[in-house]
Amino acid sequence: MALAGSGAISFANIRDEFSPGSNTSVSLSDYYRQGSKIRAKAGDNNGTHLASGVPTSGALSLSDYHGTGIGFQFTISSDATNQNLSTIFGDDYDLDYPKFVVINSGVTVGGTSTSTPAINVPSGGAGTITITNGGNIYGKGGAAGAVGGDAIVAATACNVVNNGNIKSGGGGGGNGGAGGAGVVAANTSLSNFTDEGGAPYGGGNAPANDAPSWFNAGSRPGYGGSNSLNGQGVVGDRKWGGINGANPQSGAVNTTWGLFTTSSNFRGSLANRGPFYCSFQLGTTGTYTLTSATITSTYGSGYGSPVINISTSNSSASQGQGGGNYTGGQTMNLNASTTYYLCGYLSNIGGGTNLYYNNFDFNFSLNVNTVTSGGSAGSGGAGASYNASAGNGSSGGSGGTNAGSGGAGGNGGALGAAGSNGTAGGNGSGTGISFPSTAPANGSSGSSGGAAGKYINGQSNVTLTNNGTVAGNIA
């Protein structure tokens, strides 16, 4: 308590103010400013000396002590941020002498980051330290899912008298969960489709009758040492027509035999053992189906079994991803933008070399189950700060066809309150697949909202007299 600003002052009043707890007799010469009782104020001390009117030398009178008091006082009269008492009181922070911080009514002191409190009472302080709050002390709000900032951090013993509001920053709202992947069936694109066995075509569009080097018709039973795409003998008019009949041969009965493409499949049909030999690229990675591979046996027998070999090499059978021998109805995992070589031939041949009026056919479906991406997760809102209200979480993004939408982010917490949790992303739907990834998938969970910060961090160092409102955690 400062001494009265006017009227009578006794020696005992002076002693009790500047030497509290002392019962000794008083000599005014002991109470010069900058002496042992009334300490000097350091040059970097931003506070006000409460006894600045007391002389440092010369004659003293009782009236010199009117309105004086012990200690240094720093008054915050307009909004401020990041107040550090060591910086405020400078070299006097570790001086065993009272220090006062007063926050006027209507004034807000805030922290500008979650790692920097509104008011910091760091270690190393000495003397009685008292913070009297008549305004607001608020921490910084946490980002999405993050803990809010502290209002007061105390590493040195101090008194806090709260006549206003002390509230931590609000916790950030949790992020939403991403939507689960979906699966949708669609026809892929077919590109670089090439008749490797027929081209280059000779005179009259006669096919080249090429085969991959590994096929070796000379040692393959039933092939008579040669490859042929045209019907032989009595059915010599059943001739190969290239892709979609684009290379008809003279004397052909029609262009029924060759390679054919539509938006939903590609297929082949020939009147001999071939082999079929073509290359292609697909527009989508996924699991494909060889719909059929058949011999139409209406004439004779012993023509063997169809085999469709798919490889990424034209010199080695069944090399690379998706490579293998397939029969009708089997599936294969193939990559987009990869050149595949298809060779279709007959195995286990028990009869002659000619098919006569029979057909060798295959059908490759371009329909594939593809993965669609789930919607993006919504972001959590920021927690309330000294200078900003709590933010709302954003909505999640829409997913692709059959994919789940992203979950919404949680709202940021008010001053002294935790943020709301984010919501889970929606689940995907569609036919189950395992390549190129497992889908459909469930949406991911939303993340938890961040906790509120602490209105006092360093509780063991603080003696709190609360006449106002506090909010947040304390530790």
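Residues numbered from 1 in each chain as written. Predicted model: local features only at pLDDT ≥ 70, side-chain atom pairs only at ≥ 80, totals over all residues. Heavy atoms only, no water.

1. Description of the overall build of the protein
- Across its full length, the protein carries two helices and 29 strands.
- Taken over C-alpha atoms, the radius of gyration comes to 45 Å for the protein, far larger than the 23 Å a tight globule of 475 residues would show.
- C-alpha extents for the protein along the principal axes are approximately 140 × 35 × 30 Å.
- Residues classed as buried in the protein amount to 43% of the 475 residues present.
- A separation threshold of at least 6 residues defines the contact pool for the protein, and within that pool the share at least 24 residues apart is 72%. (Helix = DSSP H or I, 4+ residues; strand = E, 2+ residues; numbered from the N terminus. Rg over C-alpha atoms; globule rule 2.2 N^0.38 Å. Buried < 20%, exposed > 50% of the residue type's maximum accessible area, 1.4 Å probe, protein only. Contact = heavy atoms within 4.5 Å.)

2. With respect to a nonpolar patch on the surface
- Residues Val234, Tyr299 and Tyr357 make up a contiguous nonpolar surface patch of roughly 330 Å² in combined accessible area.
- With respect to the helices and strands, Tyr299 occurs in the loop between strand 19 (286-295) and strand 20 (305-311).
- For Tyr299, a relative accessible area of 41% gives the class partly exposed. (Patch = residues over 30% accessible without salt bridge, like charges linked within 9 Å, V, L, I, M, F, W, Y side chains within 5 Å. Areas by Shrake-Rupley, 256 points an atom, 1.4 Å probe, with all protein chains shown as cover. Salt bridge = Lys/Arg side-chain N within 4 Å of Asp/Glu carboxyl O.)

3. Focus: the packing of aromatic side chains
- By the definition in use, this model includes 19 aromatic pairs.
- Where Phe18 meets Tyr31, the ring centres are 6.4 Å apart and the plane angle is 55 degrees; that geometry is what we call tilted. Here Phe18 is found in helix 1 (residues 11-18), whereas its partner Tyr31 is found in the loop between helix 1 and strand 1 (48-49), with 13 residues between them in sequence. Tyr31 carries the same exposure label as Phe18, and that label is buried.
- For the ring pair Phe266 and Phe362, a centre distance of 6.1 Å and an interplane angle of 80 degrees mean the geometry is edge-to-face. Taken as a pair, Phe266 in strand 17 (residues 265-270) and Phe362 in strand 24 (residues 360-365) lie far apart in primary sequence, 96 residues in all. (Phe/Tyr/Trp six-rings, centres within 6.5 Å; stacked < 30°, edge-to-face > 60°.)

4. What about the pattern of salt bridges?
- On inspection of all chains with the given rule, the structure shows one salt bridge.
- Two residues, Asp16 and Arg15, come together in a salt bridge whose shortest N-O distance is 3.4 Å.
- Its relative accessible area of 44% is what places Asp16 among the partly exposed residues.
- According to the relative accessible area criterion, Arg15 is buried, its value standing at 15%.

5. Focus: the sheet that holds strand 14 (residues 190-194)
- Here five strands make up an open sheet; going across it, the order is 14-18-23-20-21 and the pairing antiparallel. In this open sheet, the two edge strands, each paired with only one partner strand, are strand 14 and strand 21 (324-326). Each adjacent strand pair in this sheet contributes to an overall mean axis angle of 25 degrees, direction not counted.
- By the bridge criterion, three bridges tie strand 20 to strand 21 in an arrangement that is antiparallel. By the bridge assignment for strand 21, Ile310 is matched with Gly324. (Pairing = 2+ DSSP bridges. Axes fitted to C-alpha atoms, helices over the stretch in contact; angles between N-to-C directions.)

6. So, the sheet that holds strand 5 (residues 99-103)
- With mixed pairing, the six strands of this open sheet are ordered in space as 1-2-5-8-11-27. Edge strands, defined here as strands with exactly one partner in the open sheet, are strand 1 and strand 27 (462-466).
- Here strand 8 (residues 129-133) runs beside strand 11 (residues 158-162); their pairing, made up of four bridges, is parallel. Across the sheet, residue Asn133 finds its bridge partner in strand 11, namely Asn162.

7. What to know about empty space enclosed by the protein
- Overall, the coordinates contain one cavity of 30 Å³ or more when judged by the stated rule.
- Roughly 30 Å³ of internal volume is contained in the largest cavity.
- Looking at the largest cavity, the residues that line it are Pro212, Trp214, Tyr277, Asn309, Ser311, Ser313, Asn314, Tyr341, Leu342 and Cys343.
- Breaking the lining of the largest cavity down by element, the ones donating at least two residues are strand 20 and strand 23 (340-347).
- With three residues, the top contributor of residues to the lining of the largest cavity is strand 23.
- Residue classes in the lining of the largest cavity are distributed as six nonpolar, four polar and no charged. (1 Å grid on protein atoms, 1.4 Å probe; cavity = no way out; pocket = protein on both sides within 12 Å on 5 of 7 lines; lining within 4 Å. Points joined across faces, edges and corners; volume = space filled by probe spheres on them. Nonpolar A, V, L, I, M, F, W, Y, C, P; charged D, E, K, R; others polar.)

8. Focus: unusual backbone geometry
- For the peptide bond that leads from Ala199 to Pro200, omega is 0 degrees, which places it in the cis range.
- Along the chain, the position of Pro200 falls in the loop between strand 14 and strand 15 (240-243).
- The step from Ala439 to Pro440 runs through a cis peptide bond, and the omega angle for that step is 0 degrees.
- Take Pro440: it is sitting in the loop between strand 25 (367-372) and strand 26 (454-457).

9. Description of the environment of Ser250
- Mapping Ser250 onto the fold places it in the loop between strand 15 and strand 16 (257-261).
- Taking C-alpha positions, Ser250 is 108 Å from Asn45, a pair spaced 205 residues apart along the chain.

10. Focus on helix 1
- Where helix 1 is concerned, the buried positions are Ile14, Arg15, Glu17 and Phe18. Looking straight down helix 1, one finds its buried side chains confined to an arc of 165 degrees; they lie on one side. (Arc of directions from axis to C-beta.)

11. With respect to the state of the cysteines
- Scanning the entire structure with this criterion turns up zero disulfides.
- The thiol of Cys343 is unpaired, and the distance to the nearest cysteine sulfur, on Cys278, comes to 9.2 Å. (Disulfide = S-S within 2.5 Å.)

12. Notes on the pairing of strand 25
- Burial of the side chains of strand 25 is restricted to one face: Val368, Thr370 and Thr372 are buried, whereas none of Asn367, Asn369 and Val371 on the reverse face is.
- Here strand 13 (residues 182-187) pairs with strand 25 via six bridges, running antiparallel. Residue pairing in the sheet places Val183 in a bridge with Val371 of strand 25.

13. Considerations on the environment of Pro122
- With respect to the helices and strands, the residue Pro122 is situated in the loop between strand 7 (119-121) and strand 8.
- With a relative accessible area of 16%, Pro122 lands in the buried category.
- Note: C-alpha distance between Pro122 and Asn457 (335 residues apart in sequence) is 11 Å.
- The contacts of Pro122, once residues within four sequence positions are left out, are Asn84, Leu85, Ser86, Tyr93, Ala155 and Thr156.

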